[in-house]
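Structural features, examined
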Amino acid sequence: MAWKQSSSWSPTLLVLAILSSGFGSVAFAGEAPSPSTQAMAGVLSGPLTLEQAWALARRANPLLKAAALEVEATQGALEQSGVRDNPELSLSQEDTRKGYRTWTAQLDQPLDLSGRRQASMKQAGTGVAIAEADRTLTQAVLRAELVRSYYTVLAAQERVELAQRTRQLTGAARDAAAKRVAAGKVAPLEQTRAEVEQTAVTLEVSAAESALRVAKTQLTAVLGMPRSDAFQLAGTLEPAEDDGLPDDPSLLALESPAYVRARRALEAARAGGALEESRAWQQPTVSLGFAREEEAGRNRLIVGVKVPLPLFDRNRGATREAYSRIEQAEAQLLATRSAVAADIYTARERLRTAREQAAHLQQQALPAASQAYDLATRGYALGKFSFLDVVDAQRSLIAIRQKYLDLVLETHLASADIDRLTGGRGEVCF
C-alpha cells in the first residue's frame, strides 16, 4: 500500500494512520541476493517448493545414498551365499627315480548334506530385506526432517516479516512522540519510552533474522547441499490438514517403517538360528582320482570319503547364541510396536490440539487483539490513552500472532512425525 502525505496532514496524524492500518498493509523490499545463491542455481528457477526440496534431498542427501549402497552390498552377499564350494585338486608323486615313480591326481569335493547352503542363502536374503527396510526407514526419517526444516524456515520467514513490520511501526511512533514532545503536548518521558521500545524491537529483528539463517542452514544440510541462506521458500504457513487416520494406533503401527524393520530383524534372527543348526552337522568330502604306477605300468582308481568327527566342536555355543538372538528380536518387535503406537497417538494429539488452539486464536483472540489495538491507537490520537497503552496493545497483538505461528508450526511438526511413523500412510506432508 502506497502512502501519500497531504499538506493538510500533520506528522502525528500520519503516524496514527499507519498505526491504525494494522500489520498486513506494510510492504518490505526484498534484499538483494548474495553470491551464495549460486549454490542452488541450475536446479531452482524460483522460490523453493516442498516437492522440489524433496526431489533435491532424494538426489543429494548422503544418508539416503548410503542406505541405497547398503542394499547393493547385501545383494552382493546374497549372490555370494548361493555359490557352491570349489573342488580341490591335489597332485602328488612318490619316489623320484625314473621308472619307479607313482603319480597321484585327486579331486576333493565337499558335499552339503545338511542344507547349509540353503540356510546361508535364506540368511543373506533376510540381510537384503533388512537393508531395504533400513532404506525405507531412512527415507521416512529424512522426509519428516525435511518437512520439519521446511516449515521451520517458513515460520522463521514470517517471524522476520512480523518483526520488521513492528520495527517500522515503532519507528513511526517514536518520530510522532518526538514531535509531540517538541510541541509541548506530552512529557519527554513519552519520547524515552518510544526510543526504548524501538531499541527492543530492533533487537527482536536481529534475533529473528539470525534464527532464519540458522533454519535455512539446517534445511540445506537436510538437502545435502552446501550451506546457504540466500533462497526463499514458496507458500505460506497454514495449519496442516487433519491426518484422516483410523482411531486405533496399534493397527497403524504394523505398517510403520520402524516396525517393519524390527520384523525383518526377527526373520534374520530365525534364519541365523537355522544356519547354526545346519552347522552342527559335519560336512563330508568325497574324493575321486587315479594313481599311475610307472614300475608296474598301470593306473589305479582312487575313491574316498572324509568326514570330520564332532568330538570337540558341535556348534552348541553358536546355536545357543542364535536362539537367544531370536528371543531378543521377538522382544524388540513387541517393544517397537508398543512404542510406535504410543508415538502415533501422541503425535495425533499434538496435531489436533495445535489445530484447535490455532483455530481459536485465529477466530477469537486475533480479532479481539486487533480491535484492542485499534481502540488504543484511536484513543491515543484523542489524548485519552498514553503511548504506553498503545505499546501494550501492540505487544499483545504481536504476542498472539507469534503464538499463532508457533501453533501452526506445531501442526506441521506433528504431521511430519505421523508421516514418519506411519510410512506416509497419512499423506499429510505432501
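Throughout this document, residue positions are counted from 1 along each chain, in the order its sequence is written. Two thresholds apply to this predicted model, a pLDDT of at least 70 for residue-level local features and 80 or more for giving and counting side-chain atom pairs, whereas whole-chain, interface and lining totals are computed over all residues. Computation of side-chain values covers all heavy atoms of the structure but excludes hydrogens and water.

Some remarks on the overall build of the protein chain
How we decide: What counts as a helix is a DSSP run of H or I of at least four residues, what counts as a strand is a run of E of at least two, and both are numbered from the N terminus. Each residue's exposure class comes from its accessible area (1.4 Å probe, protein chains only) as a fraction of the maximum for that residue type: buried when under 20%, exposed when over 50%, partly exposed otherwise. In this analysis, two residues are considered to be in contact whenever any of their non-hydrogen atoms come within 4.5 Å of each other. Here the open area of atoms and residues is found with the Shrake-Rupley method and a 1.4 Å probe, where only the protein chains shown may cover a residue.
Helix and strand counts for the protein chain come out as 9 helices and 4 strands. For the protein chain, the N- to C-terminal ordering of α and β elements is α-α-α-β-β-α-α-α-α-β-β-α-α. Per-residue burial over the protein chain gives 38% buried out of 430 residues. Of all intrachain contacts in the protein chain linking residues separated by at least 6 positions in sequence, the fraction that spans at least 24 positions is 79%. Surface accessibility of the protein chain: about 24000 Å² in total, with carbon and sulfur atoms responsible for 53%.

With respect to unusual backbone geometry
Even without glycine at this site, Asp 95 takes up a positive phi of about 70 degrees. Tracing the backbone shows Asp 95 in the loop between β1 (88-94) and β2 (102-110). Phi is positive for Asn 315, which is not a glycine, with a value near 60 degrees. Its place among the elements puts Asn 315 in the loop between β4 (298-306) and α8 (316-381).

Let's talk about the pairing of β2
Convention followed: Think of it this way: DSSP has to see at least two bridges between two strands before they count as a pair.
Relative to β2, β1 runs antiparallel, the two sharing 7 bridges. Each bridged residue has a counterpart across the sheet, and for Glu 88 the counterpart in β2 is Asp 108. In this sheet, strand β3 (residues 285-293) lies alongside β2 in antiparallel orientation, the contact comprising 9 bridges. Along β3, the bridge assignment pairs Gln 106 with Gly 289.

Some details on the pattern of salt bridges
The criterion, for reference: Note on definitions: salt bridges are taken to be side-chain nitrogens of Lys or Arg within 4 Å of carboxyl oxygens of Asp or Glu.
Counted under the stated rule, the structure contains 18 salt bridges. Note that Glu 267 is salt-bridged to Arg 264, the shortest N-O span being 3.5 Å. Taken as a pair, Glu 267 and Arg 264 lie in helix α7 (residues 257-279) at a separation of 3 residues, close to a single helical turn. Accessibility expressed as a relative area gives 32% for Glu 267, which makes it partly exposed. For Arg 264, a relative accessible area of 23% puts it in the partly exposed group. Across the pair Asp 417 and Arg 350 runs a salt bridge whose closest N-O atoms are separated by 2.8 Å.

Focus on the sheet that holds β4
Backbone-to-backbone hydrogen bonds pair the strands of a sheet. The strands run either parallel or antiparallel. Counted only if it meets this: In this description, a line fitted to the C-alpha atoms serves as the axis of each element, helices being fitted only across the stretch in contact, and the angle between N-to-C directions of two axes falls anywhere from 0 to 180 degrees.
The strand order β1-β2-β3-β4 describes an open sheet built from 4 strands, whose pairing is antiparallel. Bordering the open sheet on either side are β1 and β4, each of which pairs with just one other strand. Sheet twist, expressed as the average angle between the axes of neighbouring strands with direction ignored, equals 15 degrees. Bridge count for β3 against β4 is 9 bridges, and the pairing is antiparallel.

Quick notes on the packing of aromatic side chains
Using the following cut-off: Two aromatic rings, drawn from Phe, Tyr or Trp (for Trp, its six-membered ring), form a pair once their centres lie within 6.5 Å of each other, and the interplanar angle then sorts them: stacked below 30 degrees, edge-to-face above 60, tilted otherwise. Note on geometry: a ring has a charge over it if NZ (lysine) or CZ (arginine) is within 6 Å of the ring centre and within 35 degrees of the ring normal.
One pass over the full model with this rule turns up 1 aromatic pair. For the cation-ring pair, Arg 97 lies above Tyr 100, with the distance from its terminal atom to the ring centre recorded as 4.5 Å.

Section: the nonpolar core
Selection rule: Remark: nonpolar core denotes a set of buried residues (Ala, Val, Leu, Ile, Met, Phe, Trp, Tyr, Cys) joined through side-chain atoms within 4.5 Å.
Of all hydrophobic cores here, the largest spans 49 residues; its most connected members are Leu 146, Tyr 151, Leu 223 and Leu 233. Secondary-structure elements contributing two or more residues to this core are α2 (50-60), α4 (116-182), α5 (188-223), α8 and α9 (387-422). Considering each element in turn, this core owes the most residues, 13 residues, to α4. Among all residues touching Tyr 151, those that are not within four sequence positions of it are Leu 50, Leu 237, Leu 409 and His 412.

Regarding the environment of Ala 331
Its place among the elements puts Ala 331 in helix α8. It is 9.8 Å that separates the C-alpha atoms of Ala 331 and Ala 262, two residues lying 69 residues apart in sequence.

Digging into the environment of Pro 239
Along the chain, Pro 239 turns up in the loop between α5 and α6 (249-253). Considering only alpha carbons, one finds Pro 239 and Val 408, 169 residues apart in sequence, at a separation of 4.8 Å. Once residues within four sequence positions are removed from consideration, Pro 239 is found in contact with Tyr 404, Val 408, Thr 411 and His 412.

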